[in-house]
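Survey of secondary and tertiary structure
If you want the building blocks of each chain, they are given just below.
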Amino acid sequence: MPQTKVSPVSQDKIAAHDCGSAMAKPQLVVAPVATSKLSVNAPEFYPSGYNPSFTDSSFEDGCDGYPTLTEYVQDFLNHLTEQPGCFETEIEHFAETLNGWVTTDEALQELVELIYRQATSVPNFSYMGARLCNYLSHHLTINPQSGNFRQLLLQRCRTEYENRDQAAKGDEATRKQFHAFVLFLAELYLNLEIKGTKGQVMRAEILQTGLRELLNALFSNPVDNNLICAVKLLKLTGSVLEDAWKEKGKTDMDEMVQRIENVVLDANCSRDVKQMLLKLVELRSSNWGRVHVTSTYREATPENDPNYFMNEPTFYTSEGVPFTAADPDYQEKYQELLDREDFFPDYEENGTDLSGAGDPYFDDIDDEMDPEIEEAYEKFCLESERKRKQ
């Protein structure tokens, strides 16, 4: 008799039936297998609205978890803003990283713009931005035909500088941005170092001229915030500017002070601003608060120092009269004091007993009072007590 092959499904049914009718088992239903339409040769899928032909160079630069140049520089600028004390310890590594990254004119332009915007938009970053610019101007190795870092920075500042008259007359937001630029330029003048032909360190001459014209623009439009900006600028750079002008025989600072006095008399500025201007004139009259030593150091002597004997010790004669080294008879009196001390070789000047234990001379001294002295002392104490009670 030929054997019949049982399909797997039938075997399952038989096995379930053999287990007995006492426990019914659920029947297994097998769904038919559908044919898949997926193919390895299918075109690449893109989300709706995505243009596969669009390529962003900044995205490509920042792939694989690496930041773009903009992100790296901006993160460092924000870090300096929050923790300016890190400048000295981290600036060298930052410059070395930029030297490996900033290799094109476009990248250098982008770096200049990022630093300029941070220095003129973030409060209190103008000083740190100027220091950063000075360091990079000496340590960035790229030097394209369009100009090195310092030249591109000054070109960027010139763009804002040429609009100074319009900015000083503009609305409040425009003036605020202009004032930030003015103070950044002042910090650049103080911090940007340029090496001369003989290797000497100098300040940028063009910035000195620029600050003079910026002050003219501010005083020509004497509204309160323009005048406040001018006061800040002169407090920051007044002493350095005046020294530089005097070296050239110029009286520019005298002219500035005259303009300030005219503003105080004629301008319709607030009383507080006028006070600020007058305080500035007073500061300039005191040589910008600087103190110059008029004489060289000389060793102090009784002839040139009235306080020469102030800390000298005081001695007493045998009569109890005090004297010091300033006394005309000091040598004679002091010698007498030394002679008198010879009678008490075992005592210092402060009365400290220097004799050793068991000295026969001091051992013979009786600690008890003489009877007559003791009686006189008791009478003295009783009389003092009686007078105190009266």
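Residues numbered from 1 in each chain as written. Predicted model: local features only at pLDDT ≥ 70, side-chain atom pairs only at ≥ 80, totals over all residues. Heavy atoms only, no water.

Concerning the side chain of Ser126
In plain terms, the rule: Per the convention used, a helix needs a DSSP run of H or I reaching at least four residues, while a strand needs a run of E reaching at least two, with both numbered from the N terminus. Note on contacts: a residue pair qualifies if any of its non-hydrogen atoms lie within 4.5 Å across the two residues.
Within the secondary structure, Ser126 is located in helix H6 (residues 126-139). Setting aside anything within four residues of it in sequence, one finds Ser126 in contact with Ala119, Leu183, Phe184 and Glu187.

Observations concerning the packing of helix H12 (residues 252-266) against helix H13 (residues 271-285)
Threshold: All axes here are fitted lines through C-alpha atoms, helices being fitted over the stretch that makes contact, and every angle between N-to-C directions spans 0 to 180 degrees. Geometric relationships in this document are graded by angle, where less than 35 degrees denotes roughly parallel, more than 145 denotes roughly antiparallel, 65 to 115 denotes roughly perpendicular, and other angles denote oblique. Should the near helix be turned counterclockwise from the far one by less than a right angle, the crossing is left-handed, whereas a clockwise turn marks it as right-handed.
H13 packs onto H12 with a crossing angle of 150° between their chain directions and a minimal axis gap of 10 Å. One element, H12, and the other, H13, form an angle in the roughly antiparallel class. The hand of the H12/H13 crossing is left-handed. Along its contact with H12, which presents Met253, Asp254, Val257, Ile260, Glu261, Val263 and Val264, the element H13 presents Lys274, Leu277, Leu278, Leu280, Val281 and Arg284.

Some thoughts on the packing of aromatic side chains
Short version of the rule: Two aromatic rings, drawn from Phe, Tyr or Trp (for Trp, its six-membered ring), form a pair once their centres lie within 6.5 Å of each other, and the interplanar angle then sorts them: stacked below 30 degrees, edge-to-face above 60, tilted otherwise. A 1.4 Å probe rolled over the protein chains alone gives each residue an accessible area, and that area as a share of the maximum for its type sets the label: buried under 20%, exposed over 50%, partly exposed in between.
What the rule picks out here adds up to five aromatic pairs. Centroid distance Tyr72 to Phe94: 5.7 Å. Interplanar angle 25°. Geometry classified as stacked. You can see Tyr72 sitting in helix H3 (residues 69-82) and its partner Phe94 sitting in helix H4 (residues 87-101), a full 22 residues away along the chain. Neither residue differs from the other here; Tyr72 and Phe94 are each classed as buried.

Considering the nonpolar core
This is how the line gets drawn: Nonpolar core, defined: a set of buried Ala, Val, Leu, Ile, Met, Phe, Trp, Tyr and Cys residues in which side-chain atoms within 4.5 Å join the residues together.
Among the nonpolar cores identified, the biggest contains 74 residues, and Leu98, Leu111, Leu136 and Phe149 are the most heavily contacted of them. Considering each element in turn, this core owes the most residues, 10 residues, to helix H11 (residues 224-247). Not counting residues within four places of it along the chain, the set of residues in contact with Phe149 comprises Leu108, Leu111, Val112, Ile115, Cys133, Leu136, Ser137 and Leu140.

Observations regarding the pattern of salt bridges
Worth spelling out the cut-off: For this document, the term salt bridge refers to a Lys or Arg side-chain nitrogen within 4 Å of an Asp or Glu carboxyl oxygen.
For the structure on display, the rule yields 11 salt bridges. Residues Arg131 and Glu88 are paired through a salt bridge, measuring 2.4 Å at the closest nitrogen-oxygen approach. Separated by 43 residues along the polypeptide, Arg131 in helix H6 and Glu88 in helix H4 bring together distant segments of the chain. Arg117 serves as the salt-bridge partner of Glu113, at 3.9 Å between the closest nitrogen and oxygen. Placement of the pair is Glu113 and Arg117 together in helix H5 (residues 105-121), with a separation of four residues, close to one helical turn. Overall, Arg117 belongs to the partly exposed group, its relative accessible area being 45%. Beyond isolated ion pairs, a larger network of salt bridges with shared partners links Glu242, Lys246, Asp254 and Arg284.

As for the confidence of the model for the protein
Which entries qualify depends on this criterion: Each residue carries a pLDDT score, the predictor's confidence in it, ranging from 0 to 100.
When pLDDT is averaged along the protein, the result is 78; 65% of the residues meet or exceed 70. Every residue in residues 1-26 is under pLDDT 50, and counting partners more than four places away or in other chains gives two contacts. Segment residues 49-62 is flagged for pLDDT under 50; beyond a separation of four residues in sequence, or across chains, it makes eight contacts in the model.

Concerning a negative patch on the surface
Test applied: Residues enter a patch when their relative accessible area is above 30% and they make no salt bridge; the linking distance is 9 Å between like charges and 5 Å between nonpolar side chains (Val, Leu, Ile, Met, Phe, Trp, Tyr). Only the protein chains shown count as cover for residues, and the accessible areas themselves come from Shrake-Rupley with a 1.4 Å probe. Residues counted as positive are Lys and Arg, residues counted as negative are Asp and Glu, and His and the chain ends are not counted. Where a charge lies is defined by one atom per residue type: Lys uses NZ, Arg uses CZ, Asp uses CG and Glu uses CD.
Taken together, the side chains of Glu319, Asp329, Glu332 and Glu336 make up a negatively charged region of the molecular surface. Here Glu336 shows up in helix H14 (residues 330-341).

Description of unusual backbone geometry
You will see that Asn124, though not glycine, has its phi angle at about 65°, which is positive. Tracing the chain through its elements places Asn124 in the loop between H5 and H6. Although it is not a glycine, Trp288 sits at a positive phi angle of roughly 60°. For Trp288, a relative accessible area of 11% puts it in the buried group.

Quick word on the environment of Asp105
You can see Asp105 is positioned in helix H5. For Asp105, a relative accessible area of 32% translates into the label partly exposed. Distance in space between the C-alpha atoms of Asp105 and Asn148 is 9.1 Å, their sequence separation being 43 residues. Apart from residues no more than four positions distant in its own chain, Asp105 is found in contact with Pro144 and Ser146.

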